[in-house]
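Listed below, chain by chain, are the residues.
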Amino acid sequence: MRFFKKYWYIVILLLIVAGVAGWKLKPKPVEYRQYSVEKGPLKVVLSASGTVRAENKADLAFQTGGRLNWVGVKKGDRVRKWQGIASLDQRTIQKNLEKELNDYLKTRWDFQGNRETYNISTDNLDKYTLTPAARRVLEKSQFDLNNSVLDVELQSVVKEFSSIISPFSGLITSVSISNPGVNILAGSVIVTVVDPSSMYFEAQIDEVDISKIKTGAPVELTLDAYPEEVIDAKVVSIDFSPISLSGGGTGYAVKISLPPQTDDLKFKLGLNGNANIVMAKLNEALILPPSAVFQKDGRWTVKIKRGKGIIERNVEVGWETEDKIEIKSGLALGDQVYVSK
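All of these numbers come straight from a predicted model, not from anything done at the bench.

### Here we look at the overall build of the protein chain
Logical step 1: Per the secondary structure count, the protein chain includes three helices and 21 strands.
Logical step 2: When the backbone C-alpha atoms are referred to their principal axes, the protein chain occupies close to 155 × 55 × 50 Å.
Logical step 3: Buried residues in the protein chain amount to 31% of all 341 residues.
Logical step 4: When contacts within the protein chain are restricted to residue pairs at least 6 apart in sequence, those whose partners lie at least 24 apart make up 71%.

This is how it looks when you write it as structure tokens:
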């Protein structure tokens, strides 16, 4: 009797253990978070840092060496287009030019005298019956005259290179040498001129994002010097040639417009800032949270309710932000989407 009683205790204990194990192993029902497809605005922006630059900026230098004669500007001066900026001592250059002009006149007289000697009135020597010696004399005098003209032109260029003029109206931002009498080497930068009306903002965009940007796209620009002011701008152009980004990798320079410059020269070279380039702005779009959509087998998919069960449906998505994703097809306004908790 005692044996059977003990046996039943063991059976009951095993049944209890089996029941607990079965309860623990029983799959729990999946809990879902529910979202509704809504209609609302969607603005997609790409943020990029950049710097204020000038379209018209020139380092002006002499293309020939010599002694500095004068510099007619100082830092901060405004200059007009074609205004003289600086000049080398031109006394030697002028004398050489006068000598070349004299040589030209002498060569011209010799040339004319040879023509008169052989009774030549046109440049086409084939029209005349000439001995080989006479033809050589006339052709040599023509070569001498041509070379003399070239010598005068070359010396005129040397004189032109001994002066610096401003290629555009602007502001002198630096003067590196201003003392007359200093010997200048060819290529030495004397002054830098910048046109304040040609300022623009240059942003650097990573190559993976450059295809998303279009010329004319609106830009919300903020400069570090004026953090409370948002400047309405637009993309003017996108460079064709790549650049190396400061953080590594390849990118492209994007030119962004700035408002017209004011008298206080608000937009200065080198100002840093941030550009929010608007890639898309939709007033009414079907939207869901990005967490409600997932990729499966290369397709965008959502979970919806069908009868008493949850099924998957493929959808087409568009633009995406941190908190919104555009649903282009596959769902309608008000549809319910389910996400596992």
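Now that the structure has been shown, we can carry on.
### Brief notes about the pattern of salt bridges
A pair can form between side chains of opposite charge whenever their charged atoms are brought close.
Logical step 1: Summed over the entire model, instances satisfying the criterion amount to 14 salt bridges.
Logical step 2: Across the pair R115 and D123 runs a salt bridge, and its minimum N-O distance is 3.3 Å.
Logical step 3: Residue R115 is classed as buried on the basis of its relative accessible area of 6%.
Logical step 4: Sharing partners across several salt bridges, the network here consists of R67, D89 and R91.

### Regarding the sheet that holds strand 7 (residues 163-165)
Logical step 1: If you walk across this open sheet you meet the four strands as 7-6-4-9, and the pairing is antiparallel. Edge positions in the sheet fall to strand 7 and strand 9 (183-184), since each of these pairs with one other strand and no more.
Logical step 2: Alignment of strand 4 (residues 66-71) against strand 9, held across two bridges, turns out to be antiparallel. Residue pairing across strands places G66 opposite I184, the latter belonging to strand 9.

### Some remarks on helix 2 (residues 91-117)
Logical step 1: With 27 residues, helix 2 should cover 39 Å at 1.5 Å per step; its first-to-last C-alpha distance of 39 Å lies within 8% of that length.
Logical step 2: In this structure, the buried residues of helix 2 make contact with helix 3 (132-161).
Logical step 3: Positioned one or two residues after helix 2, N119 has a phi angle of 55°, which is positive.

### Comments concerning the sheet that holds strand 10 (residues 189-194)
Logical step 1: Read across the sheet, four strands follow the order 3-10-8-5 without closing on themselves; strand pairing throughout is antiparallel. The sheet terminates laterally at strand 3 (57-61) and strand 5 (78-79), the two strands that pair on one side only.

### Points about the environment of K324
Logical step 1: Residue placement: K324 occurs in the loop between strand 19 (309-320) and strand 20 (325-329).
Logical step 2: Of the residues examined, K324 reaches a relative accessible area of 25% and is grouped as partly exposed.
Logical step 3: When the C-alpha atoms of K324 and E153 are compared, they prove to be 70 Å apart, with 171 residues separating the residues in sequence.
Logical step 4: In contact with K324, other than residues within four places in its own chain, are P41, L42, I287, L288, P290 and W319.
Logical step 5: There is a polar contact of 3.1 Å between the side chain of K324 and the backbone oxygen of P41.

### Description of the side chain of S148
Logical step 1: Secondary-structure assignment places S148 in helix 3.
Logical step 2: For S148, a relative accessible area of 5% gives the class buried.
Logical step 3: If sequence neighbours within four positions are ignored, S148 has contacts with E100, D103, Y104 and T107.

### What to know about the nonpolar core
Logical step 1: Among the nonpolar cores identified, the biggest contains 32 residues, and F201, I205, V219 and I256 are the most heavily contacted of them.
Logical step 2: Contributions of two or more residues to this core are made by strand 2 (38-54), strand 11 (199-206), strand 12 (218-223), strand 13 (226-238), strand 15 (250-256) and strand 16 (272-288).
Logical step 3: In contact with I205, other than residues within four places in its own chain, are L46, A48, I210, I213, G251, Y252, V254 and I277.

### Description of unusual backbone geometry
Logical step 1: A positive phi angle, near 70°, is found at W82, a position not held by glycine.
Logical step 2: One non-glycine residue, D297, lies in the positive phi region at around 55°.
Logical step 3: Examined against the element boundaries, D297 turns out to sit in the loop between strand 17 (294-296) and strand 18 (299-306).
Logical step 4: Under the relative-accessibility criterion, D297 is labelled exposed at 75%.

### Things to note about the environment of I164
Logical step 1: Note on placement: I164 falls in strand 7.
Logical step 2: Overall, I164 belongs to the buried group, its relative accessible area being 5%.
Logical step 3: For I164 and F62, which are 102 residues apart along the polypeptide, the C-alpha to C-alpha distance reads 6.6 Å.
Logical step 4: Excluding residues that lie within four positions of it along the chain, I164 makes contacts with L60, A61, F62, Q83, G84, I85, A86 and I190.

### Focus on the side chain of E326
Logical step 1: Looking at the element boundaries, E326 is found in strand 20.
Logical step 2: E326 has contacts with L42, L282, A285, L286, E316, V317, G318 and W319, leaving out every residue within four places of it along the chain.

### Regarding the packing of aromatic side chains
Logical step 1: For the structure shown, the criterion picks out zero aromatic pairs.
Logical step 2: A cation sits over an aromatic face here: K255 above Y200, 5.0 Å from the ring centre.
Logical step 3: Taking the ring centre of Y226 as reference, the NZ or CZ of K266 above it sits at 5.0 Å.

What counts and how
- Residues numbered from 1 in each chain as written.
- Predicted model: local features only at pLDDT ≥ 70, side-chain atom pairs only at ≥ 80, totals over all residues.
- Heavy atoms only, no water.
- Helix = DSSP H or I, 4+ residues; strand = E, 2+ residues; numbered from the N terminus.
- Buried < 20%, exposed > 50% of the residue type's maximum accessible area, 1.4 Å probe, protein only.
- Contact = heavy atoms within 4.5 Å.
- Salt bridge = Lys/Arg side-chain N within 4 Å of Asp/Glu carboxyl O.
- Pairing = 2+ DSSP bridges.
- Expected span 1.5 Å × (residues − 1).
- Polar contact = N/O pair within 3.5 Å; in protein donor to acceptor, adjacent residues only side chain to side chain.
- Core = buried A, V, L, I, M, F, W, Y, C linked by side-chain atoms within 4.5 Å.
- Phe/Tyr/Trp six-rings, centres within 6.5 Å; stacked < 30°, edge-to-face > 60°.
- Lys NZ or Arg CZ within 6 Å of the ring centre and 35° of its normal.

Just distances and angles here, no functional claims.
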